[in-house]
Amino acid sequence: METQTENKKIVLSFVQSSGAPTIGNYFGAFKNWHDMAQENDCIFGVADLHAITVRNTPADLRRRSKEMYAWLLALGLDPEKNVIFMQSHVQEHALMAWILNCYTMFGEASRMTQFKDKSARHADNVNVGLFTYPILMAADILLYNADMVPVGDDQKQHLEIARDIAERFNGIYGDVLKVPAPYIGKKGARILSLQEPDKKMSKSDPNEKSFISLTDPDAVIAKKIKSAVTDSEACVRYGEGKDGINNLMALYACCTGLDYDAIERDFAGKGYGDFKAAVAEAVVAEISPVRSEYERIIADKAYIEQCMADGAEKARRIAARTARKVMKKIGFYQI
Ligand code: TYM
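Note that the structure is predicted; figures quoted are calculated from it, not measured.

### Focus on the side chain of Lys242
Tracing the sequence through the fold places Lys242 in the loop between α9 (218-226) and α10 (243-256). Among the polar contacts listed, one links the side chain of Lys242 to the backbone oxygen of Cys235, at a separation of 3.0 Å. In this structure, Lys242 is in contact with Asp231, Glu233, Cys235, Arg237 and Tyr272, ignoring residues within four places of it in sequence.

Below, the structure written as structure tokens:
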């Protein structure tokens with residue numbers, strides 16, 4: 001995709017290369033990416049620059065970035081039709097992030113709840129990158145004139161700041177940057193921890209029982225769902241004070257397409273054991289074909305690197321054009 005195809009929307013999103021993706025990433029983001037890729041011009045990236053806001057060994061960063069890229073291919077996203085690339089392969093992201101830093105107020109960046117959470121979790125490494133992280137994200141989005149950004153609920157605030165930055169910039173220089181709209185799916189926008197269902201499921205959670213990774217074998221998936229925290233009511237119904245069951249119902253709904261009323265009807269009179277077994281079966285049926293495809297792709301380094309190179313070239317062309325326009329508007333001396 002070189003330029004926007006007529007009448008098609010530009011859909012863009014990224015995932016950090018901070019570990020194997022979870023079913024939270026899958027249901028909150030990837031599944032929507034896959035569906036939206038059928039009808040739109042799509043740009044998907046592995047946010048490896050974002051990943052260095054926490055410490056990685058060089059070998060881990062390299063491996064995780066390649067693996068995350070392979071997951072995107074395993075989802076069935078077509079690298080010829082879409083732009084699928086590694087963020088660090090396009091230097092305009094860092095350039096644009098610096099520029100946008102100068103159009104972002106310290107106060108508005110300070111309000112980001114994810115910064116507050118992450119700095120509490122990584123108290124020994126509260127680096128400035130963690131603070132300016134949403135501005136790099138704004139750069140990712142605004143460089144590609146994205147119309148729509150499909151994300152999970154946790155990224156909503158970051159999209160709002162990207163819109164505010166674009167509007168501020170346009171207020172000074174005219175209609176330069178496209179103001180993107182978030183796309184947050186109705187189902188799966190916030191998959192919760194299986195052990196502490198008042199918290200988001202996260203690939204960086206130290207308790208492995210709290211999340212299901214796309215790399216987990218079928219038996220491990222079933223075991224983790226079996227040990228998910230629920231409540232003592234023993235009734236499969238969506239309601240207040242039932243975060244654990246609500247979460248399992250959301251997972252089941254994502255896999256089967258059923259709504260909550262239908263799930264309640266199907267499991268009326270049945271216990272949590274039966275329900276958990278059905279959820280596990282549905283999650284395995286959804287995930288295992290993607291995992292098989294991933295295993296096939298990860299073994300083919302030449303194919304992955306060819307896709308990365310092609311993706312970077314296509315992305316670079318679009319990003320360079322926007323960066324040039326932005327620099328001209330600001331008044332950088334151009335030769
Ligand atoms: P990341 O890598 O944390 O997550 C990738 C996507 O998965 C969604 N997600 C979830 N959805 C539902 N339930 C969950 N438990 C869950 N956990 C994660 C996230 O909302 C996200 O959509 N900063 C971003 C990556 C990024 C980005 C961008 C996104 C960098 N530049 C530009 C959009 C546009 C992040 O860390 O996502």
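Having put the structure on the table, let's press on.
### Topic: the site of the ligand
Not every one of the 27 residues close to the ligand is listed here, only the nearest: Tyr133, Asp140, Gly152, Asp154 and Ile191. At a separation of 2.5 Å, a nitrogen atom of the ligand approaches a polar side-chain atom of Asp140. Protein coverage of the free-state accessible area of the ligand, which is 710 Å², stands at 97%. Looking at the shell around the ligand, the element that brings in the most residues is strand β1 (residues 10-16), giving five residues. Tallied by class, residues from the shell around the ligand come to 13 nonpolar, nine polar and five charged.

### Notes on the packing of helix α6 (residues 113-121) against helix α7 (residues 128-142)
Running from N to C, α6 and α7 cross one another at 155 degrees; their axes reach a closest spacing of 10 Å. In terms of their interaxial angle, α6 and α7 are classed as roughly antiparallel. As α6 packs across α7, the resulting crossing turns out to be right-handed. Across from Gln114, Phe115, Lys118 and Ser119 in α6, the residues of α7 making contact are Leu130, Phe131 and Tyr133. Taken together, the residues that form the contact of α6 with α7 break down as four nonpolar, two polar and one charged.

### Side note on the nonpolar core
Across soluble globular proteins, nonpolar side chains have a tendency to be buried as a group. Membership of the largest hydrophobic core comes to 60 residues, with the highest contact counts inside it found for Ile23, Phe30, Tyr69, Leu72, Leu248 and Phe275. The element contributing the most residues to this core is helix α12 (residues 272-298), with twelve residues. When residues of this core are assigned to domains, at least three map to each of domain 1 (10-188 + 301-330) and domain 2 (208-295). What Leu248 contacts, discounting residues up to four positions off in sequence, is Leu194, Ile225, Ala228, Thr230, Phe275, Lys276 and Val279. Core analysis: the next-biggest nonpolar cluster, separate from the first, contains 44 residues, Leu136, Ala138, Ile141 and Leu159 among them.

About the thresholds
Residues numbered from 1 in each chain as written. Predicted model: local features only at pLDDT ≥ 70, side-chain atom pairs only at ≥ 80, totals over all residues. Heavy atoms only, no water. Helix = DSSP H or I, 4+ residues; strand = E, 2+ residues; numbered from the N terminus. Polar contact = N/O pair within 3.5 Å; in protein donor to acceptor, adjacent residues only side chain to side chain. Contact = heavy atoms within 4.5 Å. Near = heavy atom within 4 Å. Areas by Shrake-Rupley, 256 points an atom, 1.4 Å probe, with all protein chains shown as cover. Nonpolar A, V, L, I, M, F, W, Y, C, P; charged D, E, K, R; others polar. Axes fitted to C-alpha atoms, helices over the stretch in contact; angles between N-to-C directions. Parallel < 35°, antiparallel > 145°, perpendicular 65-115°, else oblique. Left-handed = near helix turned anticlockwise from the far one by under 90°. Core = buried A, V, L, I, M, F, W, Y, C linked by side-chain atoms within 4.5 Å. Buried < 20%, exposed > 50% of the residue type's maximum accessible area, 1.4 Å probe, protein only. Domains from an automatic or database assignment.

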